[in-house]
Amino acid sequence: MRVVIADDTALLRQGLARLLTEAGVEVCGEAADGEELLGLVERERPEVAVVDIRMPPTHTDEGLVAAAEIRTRYPKVGVLVLSQYVDAEYALRLVDGDSTRCGYLLKDRVTNAGELVGALERISAGEVVVDRELVDGLLDRRRESDPLAELTDREREVLRLMAEGLTDRGIAERLWVTPKTVETHVRHILRKLDIPSGTAHNRRVHAVLAQLRA
Amino acid sequence: MTFWRNGVRTPAWWAAAILGVALFSFDIAGYVRGGTTDWKTVFFLVTMAIALVTGLGVWAWRPQTHMGPLIYWWPALTVAGDLMVAYPRSRTAATLGLGLYTMGLIVFAQMSLSYSNGKLVSEYPRKSLVGRAAWFYIFIGGYAAQVIQNLYNLAVVDGRGCPYCFPTQERSWLYIGKAPFSLDWWNRGWGIEILVVLPIGLAVTWLKFARQPPGGRRTFLPIAVGGTIATFFGATVLYFIVVADQAALGSVSSYSWIQTAGQLGAALAVFVGLLIVRRARGPIGNLVVELRRAGPGGVRPALARAIGDPSLELALWLPERGVWADESGVEMSLPEGRDRAVTYIGDDLAALVHDPVFLHQPALLEAVGSAARFALENERLQAELRAQLAELRESRARIVRAGDEERRRLERDLHDGAQQRLLGIGMALQLLQTARDGDREQLLAETEVEVQAALAELRELARGIHPAVLTDHGLGPAVRTLAERSPVPVDVGASDERLPGEVETAVYFIVAEALANVAKHAHASRASVSVARENGIVRVEVSDDGVGGAALDGGTGLRGLADRAGALDGTLEVVSAPGAGTRVLVVIPCAS
C-alpha cells in the first residue's frame, strides 16, 4: 500500500514514516503543510494520505481543510486524519458528504503500528474509520432521554462498531457471528435510534455519530 | 415691592431720577400751557416716559453695567431738548433745545449698540473692523459732529425771524449773531455727514444682531428694527435738508411719529429685556427646583435651560484622576479659542462650556453656578463613579481576554510541545521492538533526548501557570529566581516576608512580565527589582537603564499588568522617557 504523510513536526513525520515502512507500508512522500500535501498527492496519487489535523498557519484544523480538498479533487485517494481532539465535531466534518475512504484517529494511535495499518487498509478498502475513544466518549455520555437505554448489551456493542465505521461484514468478523445476525442487530438499532435503514455505509456512520452526539 | 427693594440706588441715581421727573414735568406743563394737545405729542411723551423708567430701572438693578445710564440719558436729553417745542418763546428752552435735542438720538444709537452689557458691540473685538466702525460711528460721526453742529446752532440760529425753520422762535443765550455763511449750506454739510455715517450705524447694528445668541436675538430684534426705522426717518429728513428745500421739511416733520414709533419699539424691547433679566431669578428658581428632581445626567439640560444655551456642555473636574470629564465620566478637554467660552464654577469643581455671547451675562452665569453647586458636586461624584465603572468594565474584559489568550497559548504549547514529543517516544518504543542492534542504540539515545525535552517543556509550562517556588517559598525567592533567569543582570531587593496569595501572584507576574520586557525591548545593561511592604501597601518597582520610551498602551503587555494591579485595587505607573530607562511602579494595598 502506498501512502503520503503530512505533519508539520519533522520528528513525528519521520517516526511515522519509519514505523509504517517497518510495517510494510510504502511511504512515498512527506509534507509539512496542507499546500505541500496537495502537491504531493497530485504527484504520487497514493492510496491514503495520513494528515495531521494541526498544521501551519493557524495550527487548528488545516488537516480537515486539506482532507476536504483531497476528497473533492481525488476521490480515489483516502484520507486518514490524525487528531489531538477527542471531539465528534471534527469527526463529523470529515465523515460528512458522499465520499467514503476516510478516517479520524487520535494521534495516540501512532504508537500502535498494527492499529494504524489496520485503519489504513480499511480506508483503502473504501470504509470509514472513527477512533474508538471518540465513540466510547459518545456512548458514555449521560443523556436525559436515552435512546440507548433500549439497546441490549449486544446491540450496544454492534452500535459501537458501527460508529467506528465498520461494515456489517467487519462487525461480523470482529464479533465472531454471522453477517445475518449482524444485519438483524443493525436493523433493530437503526429502528430504536430512529435512523433510516438502507443508507450508504458512510452516511450510516455519520447518522450514528450525529445521533450519539445529540 | 421686590422690584424696588432689590435695586441699588446711588446718589447719582437719585439725582438723575429727580432731574428726569423735573424735565418731564416742565415739558408737559409747557404743552398744557400752550394748549398743544395733539396725539403725536402724547405718543412721544409716553415713549420717552417708558424709556426713562426703563433706564432708571436698569440703572438700579444692574448697576455694574453702563446700560442703565445709557438708557436713561436718551429720553432725558431728548425731553430736555423738547422743551424748546413746549416753550417756543423761552430763550432758556431754546438754549437747551438747540444744544441737546439731537444728542438724545446719539445716546439712543450708543445704547442700541451697547445692548446688553453697556459695552459698544462687545460681540466683536475692539480692534476689529466692526469694533472700530462702531466707535467711529458713535464718537466721531455722532457726538463730535453733533457737538459742533449744536454749538453752531446755539451761536447763529435765530428763531425770531424764521417761524418755520426751527421749533423755537427764540435765540439761545449763546446767540452771537447772524451766520457768517448761509445756514442752508451749513445744514447741507451736516446732512451729508449724517448720511455718510448712518449706513455705518445700520451695518454695525445688524452685524451685532447676527452675533446674538438665540435668546439675545429676541430682545435685540426690536431694538435693531426700532433703530433702523428711526435711522431711515432721520435719513428722509436729511434728504430734504440736503437736496430739497426747507419748506418741504415742514410736511415731513409732521410724520415724526414714525420715528417715535421706532423708538417706542426699542424702548419697549429694552423694557422687556429688562423684565427678562429680572426674571433671570425666575429660571434660577426653577433651576433649583429642577436640580432637586434631576436624576444623574439631568444637571446639564437643566443648566442649559436656565442659561438659555442649548449648546451648553458641562465639564466636571475629577480630582482623583486630574482630568476634566463629561457627565458620563468620559474624559474631555476644555476648549481654547474664541468659538467657545468657559466659565468655572467653584474651585476645581466644574466648568460650563458655552457660547461666548453669554460672557455678557456674568451675573446670570454666576447665579446659575452657585445655584447648581450642590447638584454639581453630586454630578461630579456620579461622573467619577461612572468613569471608575467604565474603567472597571474595560479592565475586567481585558482580564478575561488575557485569561482566554493564556489558556489558548497553554493548549497550543501542550499539543505542539510535550504531546508531540511523547508521541515520538511512543513511536520510538514501537520501533525498538523490532529494531536491529545498531538502530536500537540510536533510537534509545533519541528517545532519551525526547524524554528530557518533554520534561523540560512541561516544567516550563507548569512554571508559567503558577511557579511552585512562589507557592512554597513566597515572593522574595520567586522574584530572585526570575532575576537569575533574566539575561539582563538584575538586583533584587525583596524580603522573604509572605504576602496574601493573590498579591504574591500578581506581583510575581508583574515582575516576570516587566523583566521580560526589559530583556526584549529595553536594551538595558542592568535592571533592578524592589518589593517592599509598609503601612499596608506593597510597593513594587522594576527599573532598568535601557532606552526607555515604553508606554502603558504600547502593546508590551503593560496594560495587562496594570489590570492585574487594578484587580487588587492597586495602580501601575510607567515612567519611561526616551533614553532615560524605564521604571514600572506598582502599588497594591495589602493589609497585614
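Preceding block: the structure.
Here's a quick rundown of the structure. (Residues numbered from 1 in each chain as written. Chains lettered and ligands numbered in written order. Predicted model: local features only at pLDDT ≥ 70, side-chain atom pairs only at ≥ 80, totals over all residues. Heavy atoms only, no water.)

## So, the packing of helix α7 (residues 153-163) of chain A against helix α9 (residues 179-192) of chain A
Residues and elements named next belong to chain A.
Inference 1: Viewed as axis vectors pointing N to C, α7 and α9 meet at an angle of 85 degrees, and their least axial separation amounts to 10 Å. With respect to α9, the element α7 is oriented roughly perpendicular. Between α7 and α9, the contacting residues are Arg154, Glu155, Val158, Leu159 and Met162 on the first element and His185, Val186, His188, Ile189, Leu190 and Lys192 on the second.
Inference 2: For the contact of α7 with α9, the class distribution of residues is six nonpolar, two polar and three charged. (Axes fitted to C-alpha atoms, helices over the stretch in contact; angles between N-to-C directions. Helix = DSSP H or I, 4+ residues; strand = E, 2+ residues; numbered from the N terminus. Parallel < 35°, antiparallel > 145°, perpendicular 65-115°, else oblique. Contact = heavy atoms within 4.5 Å. Nonpolar A, V, L, I, M, F, W, Y, C, P; charged D, E, K, R; others polar.)

## Here's the deal with the interface of chain B and chain A
Inference 1: Taken together, the contact between chain B and chain A spans 16 residues of the former and 20 residues of the latter.
Inference 2: Taken over both partners, the interface formed by chain B and chain A buries close to 1500 Å², and the fraction arising from carbon and sulfur atoms is 57%.
Inference 3: In this structure, the connection of chain B to chain A is made through three salt bridges.
Inference 4: In this structure, Arg18 of chain A and Glu446 of chain B form a salt bridge, with 4.0 Å as the shortest nitrogen-oxygen distance.
Inference 5: Linking chain B with chain A are seven residue pairs in polar contact (both at pLDDT 80 or more), by the criterion used here.
Inference 6: At the level of secondary structure, the elements contributing two or more residues to the side of chain B that touches chain A comprise α14 (362-434) and α15 (437-465) of chain B.
Inference 7: By residue number, the principal contributor to the side of chain B that touches chain A is α14 of chain B, which donates 13 residues.
Inference 8: When the residues that make up the side of chain B that touches chain A are grouped by side-chain class, the tally is four nonpolar, seven polar and five charged. (Buried area = accessible area lost by both parts, 1.4 Å probe. Salt bridge = Lys/Arg side-chain N within 4 Å of Asp/Glu carboxyl O. Polar contact = N/O pair within 3.5 Å; in protein donor to acceptor, adjacent residues only side chain to side chain.)

## As for a nonpolar patch on the surface
Residue and element names in this part refer to chain B.
Inference 1: Taken together, the side chains of Trp39, Trp206, Leu221, Val225, Ile229, Tyr255, Trp257 and Ile258 present a nonpolar region at the surface, about 730 Å² in accessible area.
Inference 2: Contributions of two or more residues to the nonpolar patch are made by α9 (214-242) and α11 (256-279).
Inference 3: No other element matches α9, which puts three residues into the nonpolar patch. (Patch = residues over 30% accessible without salt bridge, like charges linked within 9 Å, V, L, I, M, F, W, Y side chains within 5 Å. Areas by Shrake-Rupley, 256 points an atom, 1.4 Å probe, with all protein chains shown as cover.)

## Quick look at α7 of chain A
Residues and elements named next belong to chain A.
Inference 1: Within α7, burial applies to Glu155, Val158, Leu159, Leu161, Met162 and Ala163.
Inference 2: Where α7 is buried, its residues touch β6 (128-130), α6 (132-139), α8 (168-175), α9 and α10 (201-213).
Inference 3: Count one or two residues on from α7 and you reach Gly165, which has phi positive near 105 degrees. (Buried < 20%, exposed > 50% of the residue type's maximum accessible area, 1.4 Å probe, protein only.)

## Considerations on the nonpolar core
Inference 1: Judged by nonpolar contacts, the single largest core of 61 residues is most densely connected at Leu56, Ile71, Tyr72, Trp74, Met111, Leu113 and Tyr137 of chain B.
Inference 2: With near-sequence residues (within four places) excluded, Met111 of chain B lies in contact with Met67, Leu70, Ile71, Trp74 and Val270 of chain B. (Core = buried A, V, L, I, M, F, W, Y, C linked by side-chain atoms within 4.5 Å.)

## Thoughts on the packing of aromatic side chains
All names here are of chain B.
Inference 1: Throughout the structure, instances matching the rule amount to 12 aromatic pairs over all chains.
Inference 2: Centroid distance Trp206 to Phe209: 5.4 Å. Interplanar angle 65 degrees. Geometry classified as edge-to-face. One end of the pair, Trp206, and the other, Phe209, are both in helix α8 (residues 183-210), three residues apart, so they sit about a helical turn from each other.
Inference 3: The class of Phe209 is buried, set by a relative accessible area of 15%. (Phe/Tyr/Trp six-rings, centres within 6.5 Å; stacked < 30°, edge-to-face > 60°.)

## Notes on the pairing of strand β1 (residues 2-6) of chain A
Residues and elements named next belong to chain A.
Inference 1: With four of five residues buried, β1 lies mostly within the body of the structure.
Inference 2: Sheet analysis places β1 next to strand β2 (residues 26-31), joined by five bridges and oriented parallel. Counterpart to Ala6 in the pairing with β2 is Ala31.
Inference 3: Taken together, β1, helix α1 (residues 10-22) and β2 constitute a β-α-β crossover, and its handedness is right-handed.
Inference 4: Sheet analysis places β1 next to strand β3 (residues 48-52), joined by four bridges and oriented parallel. What sits directly across from Val4, in β3, is Ala49. (Pairing = 2+ DSSP bridges. Right-handed = clockwise from strand over helix to strand, strands pointing away.)

## Some thoughts on the packing of α1 of chain A against helix α5 (residues 113-124) of chain A
Residue and element names in this part refer to chain A.
Inference 1: At a minimum axis distance of 10 Å, the contact between α1 and α5 shows a crossing angle of 80 degrees. The angle between the axes of α1 and α5 places the two elements in the roughly perpendicular class. The residues of α5 that touch α1, namely those facing Leu16, Leu19 and Leu20, are Ala113, Leu116, Val117 and Leu120.

## Thoughts on the pattern of salt bridges
Inference 1: Throughout the structure, instances matching the rule amount to 41 salt bridges over all chains.
Inference 2: The salt bridge involving Glu457 of chain B is made with Arg421 of chain B; its shortest N-O contact spans 3.0 Å. With Glu457 of chain B in helix α15 and Arg421 of chain B in helix α14, this pair connects stretches of sequence that are 36 residues apart.
Inference 3: The class for Arg421 of chain B is partly exposed, based on a relative accessible area of 24%.
Inference 4: Three or more residues joined by partner-sharing salt bridges are found here, namely Arg109, Glu115, Asp131, Arg132 and Glu133 of chain A.

## Some points on the pairing of strand β7 (residues 527-534) of chain B
All names here are of chain B.
Inference 1: Pairing of strand β6 (residues 490-494) with β7 involves five bridges; the strand directions are parallel. Bridging across to β7, Ala494 finds its partner in Val531.
Inference 2: In this fold, β6 hands off to helix α18 (residues 501-522), which returns the chain to β7; that crossover is left-handed.
Inference 3: As paired elements, β7 and strand β8 (residues 537-544) share eight bridges and run antiparallel to each other. Each residue of the ladder has a partner; that of Ala532, found in β8, is Arg539.
Inference 4: Taking the residues between adjacent antiparallel strands as the criterion, β7 and β8 are bridged by two residues, where Asn535 takes a positive phi near 50 degrees.

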